[in-house]
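So the chains spell out like this:
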Amino acid sequence: MPCSESFLREAIRLSSEKMEAGEGGPFGAVIVQNGKIIGRGWNRVTSANDPTAHAEIMAIREACSNLKTFSLAGCEIYASCEPCPMCLAAIYWARLDALYFAASRAEAADADFDDARLYEEIPKPWMHRMLPTEQRLHDEARKVFDAWKAKPDKTVY
């Protein structure tokens, strides 16, 4: 799929407009299906008091709501900046076909949005991360997964 710079410009426009309006940081994203925008998002972390309200997440939520599905296969996302680890994971979970971005994560870091520590933490085993973490009740939780595997009417995703 070739990148459409007009969709990338829309993501950049959203990032600027909504940042200037005081809705959050300078990030915007759009999701496109068959040449049409089906979801728009911009950073609303501070205005919604929601640390997960990143532009890409908001665009995914809107697109899924509009299409009434949890899968965005057949769509692509255009982001004003290289996605953080949370957003990148959400892009994979949403099954988007392609990602196009403008500014780099290094440029975001230069503007005090440093995702580097998150990128460094994720590949570490959980017991070696900065966040104190413990695993408990493993056997009880495992039984629920066994029940899921045996569930005949599950919706696979």
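Residues numbered from 1 in each chain as written. Predicted model: local features only at pLDDT ≥ 70, side-chain atom pairs only at ≥ 80, totals over all residues. Heavy atoms only, no water.

Visitor: Which parts of the structure should I look at to understand helix α4 (residues 85–93)?
Guide: Along α4, the residues classified as buried are Pro 85, Cys 87, Ala 90 and Ile 91. Taken from the residues just after α4, Arg 95 is the one with a positive phi, measuring 65 degrees. (Buried < 20%, exposed > 50% of the residue type's maximum accessible area, 1.4 Å probe, protein only. Helix = DSSP H or I, 4+ residues; strand = E, 2+ residues; numbered from the N terminus.)

Visitor: How do you make sense of the nonpolar core when you look at a structure like this?
Guide: Nonpolar side chains in soluble globular proteins tend to end up buried together. Counting 22 residues, the largest nonpolar core has Ala 29, Ile 31, Ile 60, Leu 72, Cys 75, Ile 77 and Leu 96 as the members making the most contacts within it. Breaking this core down by element, the ones donating at least two residues are β1 (28–33), α3 (55–67), β3 (75–81) and α4. No other element matches the 6 residues that α3 contributes to this core. With residues up to four places along the chain from it excluded, the contact list for Ala 29 reads Ala 11, Leu 14, Gly 39, Arg 40, Gly 41, Ala 55, Glu 56, Ala 59, Ile 77, Tyr 78 and Ala 79. Within the second largest apolar cluster, 10 residues are counted, among which are Leu 8, Leu 14, Val 32 and Tyr 100. (Core = buried A, V, L, I, M, F, W, Y, C linked by side-chain atoms within 4.5 Å. Contact = heavy atoms within 4.5 Å.)

Visitor: Help me out: how do you make sense of the pattern of salt bridges in this one?
Guide: A side chain with one charge may pair with a side chain of the opposite charge, provided their charged atoms come close. Summed over the entire model, instances satisfying the criterion amount to 11 salt bridges. For Glu 10, the salt bridge identified is with Arg 13, shortest N-O distance 2.8 Å. Pair noted here: Glu 10 and Arg 13 are both in helix α1 (residues 5–20), with a separation of 3 residues, about one helical turn. Taking relative accessible area as the criterion, Glu 10 reaches 14% and is therefore assigned buried. Beyond isolated ion pairs, a larger network of salt bridges with shared partners links Glu 10, Arg 13, Glu 17, Lys 18 and Arg 40. (Salt bridge = Lys/Arg side-chain N within 4 Å of Asp/Glu carboxyl O.)

Visitor: Could you clarify how one ought to interpret the environment of Asp 110 in this entry?
Guide: Note on placement: Asp 110 falls in helix α5 (residues 105–110). Under the relative-accessibility criterion, Asp 110 is labelled exposed at 68%. Counting along the chain gives 102 residues from Asp 110 to Leu 8, while the straight-line C-alpha distance between them is 21 Å.

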